[in-house]
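Here is what each chain is made of, one letter per residue.
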Amino acid sequence: MNLNKKMAAWVLAFASMGASISAQESVKVEQSVTLTVDQAVSYALENSRTLKSADIDLEMKERAAKYGWNVLLPTVQVSGTMSRATEYSPQSAAYSSIFNKLTGGMYPEKTDFADEEDHWTPVGNVSIGWNFSLAMLKQIKASKVAYEGGKISLEQSTNEQVLSIKKLFYALLLQQESLKIQQATLENSRQRMVQAQTNFRNGIVPELKYLQTQVDYENKKPDVDTAEQNLNNQLDTFVFLIGMPVGTRLSLEGEINPHYIEADADKLIERYGSNSLEIKALQNNVDSLKENMSAIDLQTWTPALSINYAWQPAYIGEDGAFHFFKDLGKDDKWYDSGALSFTLAWNLTNALPWSSNQQKAKDIKQNLLKLEISLDMLKENQKVAVRKAVDTLNQARAQIEAMERNVSLAQRAYDMTYRAYRNGTTELLDLRDSEQSLNQAKLGLVNQKYNYMTALLDLENTLNADLTSERE
C-alpha cells in the first residue's frame, strides 16, 4: 500500500471540487493546534469560499422566491414633455378652440403661430398599467421551486466538503499510524544494535553480529525520516485546505476505530432511498420543467388581461407654454386627453401545432421524459451503490476480525523469535522476517479499518443519512 499516493489522490480530489480556500497570510511564529475530525470539518466549512459563494446564490434565489409576486404589481409611470410644433396643426387649432370656449370668447381662435412660444405645448403624462395572465401564477411557483433547488445544491456542496475533509483526516491518521509502526520498528532495531554492541564488547557475540544490527538500524533510518517528512508535508497541505494560517503546526486527535453497523441493503434503500440529494436535485429539475410546461399551456389556452389608465394634461392657458407653472391647479387652463382601457388578448398563433410556442412545449415534454429516465437510472444506480457499499462493509468487517486474530498470532510469533534471538538460538534474519510479518499484519488491520470507515462515509453520503446512530 502506497500511503503517499493515496494522500496525493485525496488532495487532488478535494482541490478539484473547488472546496477550500486559498491560504491566509503566513505567520511569523508557528502556532500549534490540535484538531478532532469534527473541529476540522467545522473550521473548513466556516472558511470555505465555495460555500460562501453558494450562500450568495441561495440568497438571490430566496429573494426571488420571496418577492416573486412582484410580477402582479402595476406599472406606474410619470413623465413631462415639452412639444414644439413646426406648423400650426389641427390639434393646435382644437386646443385654441377649446381655450376660446373656456374663456367665453375673450380670445379669438388662432389659425397660426404668432411667436416662438406659441410653437410649444407642455404635456404631462401619468400612466398606470396592469397586466395579468394565469401563467404569472406559475412563474411565482417556479421561483419557489428554484429556491428549493438552491437549498438542495448548497446541501450537496456542504456534504461533499464534509466527506472530503473526513476522508482526508482519516487518511492522515492512517499515514500517522504507519509512521508509528515504522518508528517502533526503528526503535527495536536501535535497541538490538545497542544490545549487540554491549555483547560484542563483553565478548559474547562476534563483531559480525554487531555490524549486522548496526546496518539494519542505519538502513531503516532514512525510510523513517522520509515517512515523517511526507506526513509533515501532508499536514501542511491539510492546514492549507481547511483555511488555517500557513505555518500552523497541526496535530490530529483521533483514531481509526470504526463504529460497526448491521447493514442490510434492502432495508437501507427502503428507509433512506428518498433522502438522496442527487435524487432530490433531479426531482427538483423535473418539478421546474413541469411548472414551465404549465405556464406555456396557460399562455396558449387562456387570454391575458391588460388594464391601462392614462392622464395626459396639456396646458392651453394664455400665458404661453413657458409659463404653464403659473396656472398649475387651474382646471380651466389644462386640457385632459387621458383614457381608461380594458383589453383582453388571446394569442391564437400560440395554439398552432407548428408555432414556436408549441415547439417549445414539445421540447419541454421531451426533456421531461429524459429527466424521468435519468431519475429511474439514478435510483437503480443508488441501489447498486448501496449494495456495493454494504458488501464492502461486511467484507471489511470480516477481514478486520480475521486480521485482529492475525495480529495476535504475529505478535506472539515475534515475541518468541525475539526471545530466541536474545538466547542466540535464531538468526537476525529470522527476527527481521518475524518483525516484518507483524508490521504487515498491523498495517493490514488499520488499513481495513480505514476502508470500513470510508465505505461507511460513502454509504451515508449516498443515502444522506446518519447510519452511525444504529451502531452496535
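Our subject in this report is the structure included herewith. Owing to the predicted nature of the structure, the values given are computational and were not obtained by experimental measurement.

Here the focus is the overall build of the chain. When helices and strands are tallied, the chain shows 10 helices and 8 strands. Considering only contacts within the chain whose residues lie at least 6 apart along the sequence, 85% involve residues at least 24 apart. When the accessible surface of the chain is totalled, it reaches about 27400 Å², and 52% of it is carbon and sulfur.

Attention shifts here to the environment of Ala263. Within the secondary structure, Ala263 is located in the loop between strand E4 (249-252) and helix H7 (265-272). Judged by relative accessible area, which is 15%, Ala263 ranks as buried. In this structure the C-alpha to C-alpha distance between Ala263 and Leu456, which are 193 residues apart in sequence, comes to 9.8 Å. Other than its neighbours up to four places away in sequence, Ala263 contacts Leu268, Val390, Leu393 and Asn394.

A separate point is the packing of helix H3 (residues 49-66) against helix H5 (residues 134-201). The N-to-C vectors of H3 and H5 enclose an angle of 165 degrees; their axes lie 8 Å apart at closest approach. In terms of axis orientation, H3 runs roughly antiparallel to H5. At the point where H3 passes H5, the crossing takes the left-handed sense. Here Thr50, Leu51, Ala54, Asp55, Leu58, Lys61, Glu62, Ala64 and Ala65 of H3 lie close against H5, whose contacting residues are Ser143, Lys144, Ala146, Tyr147, Gly150, Lys151, Leu154, Ser157, Thr158 and Gln161. For the contact of H3 with H5, the per-class residue count stands at 8 nonpolar, 6 polar and 5 charged.

Counted by the stated rule, this structure contains 6 aromatic pairs. Ring pairs connect the aromatic residues Phe169, Tyr170 and Phe238, which therefore count as one cluster.

Turning next to the pairing of strand E3 (residues 120-132). Bridge count for strand E2 (residues 75-84) against E3 is 10 bridges, and the pairing is antiparallel. By the bridge assignment, Val78 is partnered in E3 with Val126.

Taken together, the side chains of Val76, Val78, Ile128, Tyr309, Trp311, Leu340 and Phe342 make up a nonpolar region of the molecular surface, amounting to roughly 740 Å² of accessible area. At the level of secondary structure, the elements contributing two or more residues to the nonpolar patch comprise E2, strand E5 (304-311) and strand E8 (339-345). With respect to the helices and strands, Phe342 occurs in strand E8. Of the residues examined, Phe342 reaches a relative accessible area of 61% and is grouped as exposed.

Okay, the packing of helix H9 (residues 356-422) against helix H10 (residues 428-463) next. Geometrically, a packed helix pair is captured by the angle between its two axes and the distance between the axes. For the pair H9 and H10, interaxial distance at closest approach is 7 Å and the crossing angle is 160 degrees. Here H9 is positioned roughly antiparallel relative to H10, judged by the angle of their axes. Where H9 crosses over H10, the two elements pack in a sense that is left-handed. Of the residues belonging to the contact of H9 with H10, the class tally is 24 nonpolar, 11 polar and 6 charged.

Tracing the backbone through its elements, the reader meets Leu457 in helix H10. Look at Leu457 and you get buried, because its relative accessible area is 12%. Separated by 10 residues in sequence, Leu457 and Leu467 place their C-alpha atoms 9.1 Å apart.

One finds Phe169, Tyr170 and Phe238 to be the most contacted residues of the largest nonpolar core, which totals 37 residues. Broken down by secondary-structure element, the contributors of at least two residues to this core are helix H2 (37-47), H5, helix H6 (207-242), E4 and H10. Ranked by the residues each element gives to this core, the list is headed by H5, at 14 residues. The residues contacting Phe238, other than those within four sequence positions of it, are Ala40, Ile165, Leu168, Phe169, Leu172 and Leu250. If you look at the next biggest cluster of nonpolar residues, it comprises 28 residues, including Ala263, Leu431, Leu459 and Leu463.

Turning our attention to the pattern of salt bridges. Under the counting rule described, the total for this entry stands at 11 salt bridges. Glu291 serves as the salt-bridge partner of Lys138, at 3.8 Å between the closest nitrogen and oxygen. Of the two residues, Lys138 is situated in helix H5 and Glu291 in helix H8 (residues 277-301); the sequence distance between them amounts to 153 residues. Under the relative-accessibility criterion, Lys138 is labelled partly exposed at 23%. Linked through salt bridges whose partners overlap, the residues forming this network are Lys138, Lys141 and Glu291.

Turning next to the layout of surface pockets. Empty space within the largest pocket amounts to approximately 660 Å³. Forming the boundary of the largest pocket are 25 residues, of which Lys166, Tyr170, Leu457, Glu460 and Thr468 lie nearest the centre. Where the lining of the largest pocket is concerned, the elements lending two or more residues are H2, H5 and H10. Top contributing element to the lining of the largest pocket by residue count: H5, with 7 residues. When the residues that make up the lining of the largest pocket are grouped by side-chain class, the tally is 11 nonpolar, 8 polar and 6 charged.

Reading the values: rules and limits
- Residues numbered from 1 in each chain as written.
- Predicted model: local features only at pLDDT ≥ 70, side-chain atom pairs only at ≥ 80, totals over all residues.
- Heavy atoms only, no water.
- Helix = DSSP H or I, 4+ residues; strand = E, 2+ residues; numbered from the N terminus.
- Contact = heavy atoms within 4.5 Å.
- Areas by Shrake-Rupley, 256 points an atom, 1.4 Å probe, with all protein chains shown as cover.
- Buried < 20%, exposed > 50% of the residue type's maximum accessible area, 1.4 Å probe, protein only.
- Axes fitted to C-alpha atoms, helices over the stretch in contact; angles between N-to-C directions.
- Parallel < 35°, antiparallel > 145°, perpendicular 65-115°, else oblique.
- Left-handed = near helix turned anticlockwise from the far one by under 90°.
- Nonpolar A, V, L, I, M, F, W, Y, C, P; charged D, E, K, R; others polar.
- Phe/Tyr/Trp six-rings, centres within 6.5 Å; stacked < 30°, edge-to-face > 60°.
- Pairing = 2+ DSSP bridges.
- Patch = residues over 30% accessible without salt bridge, like charges linked within 9 Å, V, L, I, M, F, W, Y side chains within 5 Å.
- Salt bridge = Lys/Arg side-chain N within 4 Å of Asp/Glu carboxyl O.
- Core = buried A, V, L, I, M, F, W, Y, C linked by side-chain atoms within 4.5 Å.
- 1 Å grid on protein atoms, 1.4 Å probe; cavity = no way out; pocket = protein on both sides within 12 Å on 5 of 7 lines; lining within 4 Å.
- Points joined across faces, edges and corners; volume = space filled by probe spheres on them.

Interpretation in functional terms is not warranted from these geometric data alone.
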